[in-house]
Each structure stands twice: as C-alpha cells, then as structure tokens.
Amino acid sequence: MAEYILGIESSCDDTSAAVLRDGVLLSNVIASQQVHKDYGGVVPELASRAHELNIVPVVSEALAKAGIKPAELTAIAFTRGPGLLGSLLVGTSFAKSLSLSLDIPMVMVNHLQGHLLANFIRQEGVEPREPAFPYLCLLVSGGNSQIVRVDSPVDYTILGQTIDDAVGEAFDKCSKMLGLGYPGGPVIDRLAKLGDPERFKFAKPQIPGLDYSFSGVKTSLLYFVRDRLAEDPDFLEKNKEDLCASFQKTLIDILMTKLIRAAKQTGIREITIGGGVSANSGLRERLVQEGKKRRWNTYLPEFKFTTDNAAMIAVAGAFQYRAGVRTPLDVAPVSRMADF
Ligand code: KG4
C-alpha cells in the first residue's frame, strides 16, 4: 500500500499544504498573505486570521491536486515551531483535528529541519540530486542565520548562528531604509544585478568562531545613508542600484566567510543552502563559485522550495514517520528554537 503524507506549514505568513506519495511530491499549495505589505512586515494577529481563512481551502486543494481523498492519508506532518505562535496554533490545531477524525498519526516537524532537507523533495520526472551525509547547510531566512551540520535526516547540530538579527531581517530593513518596500530580499536582489558591488563599503562584524552578527552592518548602512542624504536629498534615488549591490555583497561576504571556515574546520565538502535568503541570486552564484574553487559538492534547492512551503515539512515528517516518531495529541506549538 502506498504511503501518503500530508504536510502542513503555517509558521509565519504562508499557509501551505503538500502531499507526498512514497516520498514523491504530488502537490504543494501555498497561499501567501498579501495583507502585510502595507505594514512593512508581518503583523502576527493578521497572519493568524489569514491562516484560519486559508487552511481548509489550501489543504483541500493539495488533496485534490494529489488526486486522493482524506481517508487515504497515512500520516500528517505539521510545523510545530519555531515561528509566530498564533500562526503555528492554526496549523497545529488543524493537524490535531484531522488526525483525530481520520484516526491516523501525526508527526511534528521543526520548521528549520524542513529547510535543511529541502534538497530531498523528490518530484516526478526530476532527477534527484541529494547531498550525502554528513553535509553542511547554510540556513538563512527572515528568522534565522545558521550553519548546521546534518548527520542524518533526523540528526543535526547547529555549529554557528546569529547573535542578533537574521540576515533576511538585514535585507528587509535595508529595503525599508532605502524606501524599497517589503519583503526586501527580492527587491534588493533585483536592483543589485544593475549596480556596482564595490562602490560602497560597509562595516563587517568581527565575531569569533562560526557565529554571525548582522545588526552592525545594518547600522552602518543607516548612518551612511543619513550622512549622504544630508549632502544630497536625491542620493538614494541616484544610487539605489549601487547601494543594493554593495550592501548585498557585504552580507554575502559575511555569510561565506563563516561557511568556508566551517567547511575547513569540519572537513565536510557537501554543502547546501536553505531558507528564504537562499533564493538570492548573488548568494547562489557565490556558493557555486566558491564550491568550484574549493572542490565542494554544492546543492541549491529549487527556488520554489527556498521560501516557506509544506513540501519540505512533508519530507522531514516522512523521514521521522519512517523512523517511528509519533506525536501525541497534547502537543503545543513553540515559538522559539530554544523551546524545542
Ligand atoms: O524562509 P522565509 O520564507 O521565511 C522565514 O523567515 O521563515 O524567508 C523570508 C526571508 C525574508 O527576509 C525575505 O526578504 C528573504 O527571505 N528573501 C530574500 C530573497 N527572497 C526572499 N533575501 C534575499 N534575496 C532574495 N532573493
């Protein structure tokens, strides 16, 4: 009998559901919330309400696209955290209700584990390219910036992480400072392609070990822009491409320096990236370049699997389900990684 896993993701502002049959993706439906655009960031209360509206239609569509009925499901994988608590509550409660009504097990997934395993999402007609264990993953999103050693699908260790802001936040805040809107990453990525990455220099942090810091570089941009605007009110408009290219290059330099150090320290040459910022074209190019130079095997998840999606949650859940993990119905969502 085939194994059908339903994945549910609701940790931030995307409501998503996906179905896997024997590890192969049949559907991956994502409802992105537009309501936050006017606020320049995700508003938690609005996010929970939108999840509540979206969850039933999104799950129904994922099942319909997969061509299966709820009764055919084997298990439900859902994001328990980290993320926004009100958002996580919607997905978790939905998973519990479905698990009870269908009398099938559920498996909780750490959202970050989903990103770590994004290269293992198998699709019909697409040749799989999966890293060998152990591998390193540069996990970069709006909430995280980490270097993780992955020893098996269910066994991973954080080698380094940000001590303040996440790199995605740095992209988003930079975009806000430059008046470019939200989310900032995709806009900066696009404008950076048109600019000179060497034109402006921003302060890089000196943090020991494999940890990151992004708050200083953000402040460095803030003061730089403030001083230049005092001299020329049109400074931003005239220089936005160069500003984006230079700022993006600084962030990529910071990320790559520690990743290279981690690869040297561990001797691991299987390297992957994951999380929303791994969609950044500059970062992807640099990773490939450095990989060639350093004889790494690099693995880049497809764009559609870099940002939040339930396909990666279903994959992470399927690995755990097969390892015998079952989550009891009294589970509660958790907002912070430390509570996991
Ligand atoms: O993983 P994700 O969808 O959500 C979580 O934070 O969990 O990541 C969202 C982040 C945002 O900060 C967004 O600006 C950033 O990913 N992002 C990008 C790009 N696309 C999305 N950052 C840089 N370049 C991009 N192309």
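In this report, we go over the structure that sits alongside the text. (Residues numbered from 1 in each chain as written. Predicted model: local features only at pLDDT ≥ 70, side-chain atom pairs only at ≥ 80, totals over all residues. Heavy atoms only, no water.)

**Observations regarding the sheet that holds strand β10 (residues 270-274)**
Pairing in this open sheet of five strands is mixed, and the strands run β9-β8-β7-β10-β11 from one edge to the other. Only two strands of the sheet have a single neighbouring strand rather than two, namely β9 (155-161) and β11 (297-299). The sheet shows a mean angle of 25° between the axes of neighbouring strands, taken without regard to direction. Judged from the three bridges that link them, β10 and β11 form a sheet pairing that is parallel. If you follow E270 over to β11, its bridge partner there is N297. Relative to the sheet, helix α7 (residues 235-266) contacts β7 (135-140), β8 (145-152), β9 and β10, its axis offset from that of β7 by approximately 160°. (Pairing = 2+ DSSP bridges. Helix = DSSP H or I, 4+ residues; strand = E, 2+ residues; numbered from the N terminus. Axes fitted to C-alpha atoms, helices over the stretch in contact; angles between N-to-C directions. Contact = heavy atoms within 4.5 Å.)

**A word on helix α1 (residues 44-66)**
Here α1 spans 31 Å end to end across 23 residues, near enough to the 33 Å set by a 1.5 Å rise per residue. Buried within α1 we find L46, A47, S48, A50, H51, I55, V58, V59, A62, L63 and A66. For α1, the elements touching its buried residues are β1 (4-9), β2 (14-21), β3 (24-32) and α2 (85-102). Phi turns positive one or two residues past the end of α1, at G67, with a value near 75°. (Expected span 1.5 Å × (residues − 1). Buried < 20%, exposed > 50% of the residue type's maximum accessible area, 1.4 Å probe, protein only.)

**Brief notes about the site of the ligand**
Around the ligand there are 20 residues in total, and G142, D172, D189, G276 and N280 lie nearest to it. Interatomic distance of 3.4 Å between a backbone N/O atom of G143 and an oxygen atom of the ligand. One nitrogen or oxygen atom from the main chain of G185 is found 3.0 Å from an oxygen atom belonging to the ligand. Contact with the protein chains covers 88% of the free accessible surface of the ligand, which is 550 Å². Elements with a minimum of two residues in the shell around the ligand: α3 (111-116), α4 (167-177) and α5 (184-192). It is α5 that contributes the most residues to the shell around the ligand, four residues altogether. Its residues assigned to classes, the shell around the ligand comprises five nonpolar, 12 polar and three charged. (Near = heavy atom within 4 Å. Polar contact = N/O pair within 3.5 Å; in protein donor to acceptor, adjacent residues only side chain to side chain. Areas by Shrake-Rupley, 256 points an atom, 1.4 Å probe, with all protein chains shown as cover. Nonpolar A, V, L, I, M, F, W, Y, C, P; charged D, E, K, R; others polar.)

**Quick look at the sheet that holds β1**
Taken in spatial order, the six strands of this open sheet run β5-β4-β1-β2-β3-β6, and their pairing is mixed. Bordering the open sheet on either side are β5 (106-110) and β6 (122-123), each of which pairs with just one other strand. Where β3 and β6 come together, two bridges link them in parallel fashion. By the bridge assignment for β6, V24 is matched with R122. Seen against the sheet, α2 touches β1, β4 (75-81) and β5 and runs at an angle of roughly 155° to β4. Contacts from helix α9 (residues 310-322) reach β1, β2, β3, β4 and β5, with the element oriented near 130° to β1.

**Topic: the pairing of β7**
The element β7 is largely enclosed, with a buried count of six among its six residues. Of the two faces of β7, the one holding Y135, C137 and L139 and the one holding L136, L138 and V140 are both buried throughout. Looking at chain direction, β7 and β8 are connected through six bridges and run antiparallel. Within β8, the residue paired with L136 across the bridge is R149. Relative to β10, β7 runs parallel, the two sharing four bridges. When the sheet's bridge partners are listed, L139 is paired in β10 with G274.

**A word on the packing of aromatic side chains**
Under the defined criterion, the tally for this structure stands at 10 aromatic pairs. Summarising the aromatic geometry, the rings of F120 and F133 are spaced 5.6 Å apart at their centres and angled 10° between planes, so their arrangement reads as stacked. Highlighted residues: F120 in the loop between α3 and β6 and F133 in the loop between β6 and β7, separated in sequence by 13 residues. Through successive ring pairs, a cluster of aromatic residues spans F200, F202, F224, F235 and F247. Its guanidinium or amino end placed over the ring of F303, R284 lies 4.2 Å from that ring's centre, counting from NZ or CZ. (Phe/Tyr/Trp six-rings, centres within 6.5 Å; stacked < 30°, edge-to-face > 60°. Lys NZ or Arg CZ within 6 Å of the ring centre and 35° of its normal.)

Just geometry here; none of it tells us what the structure is for.
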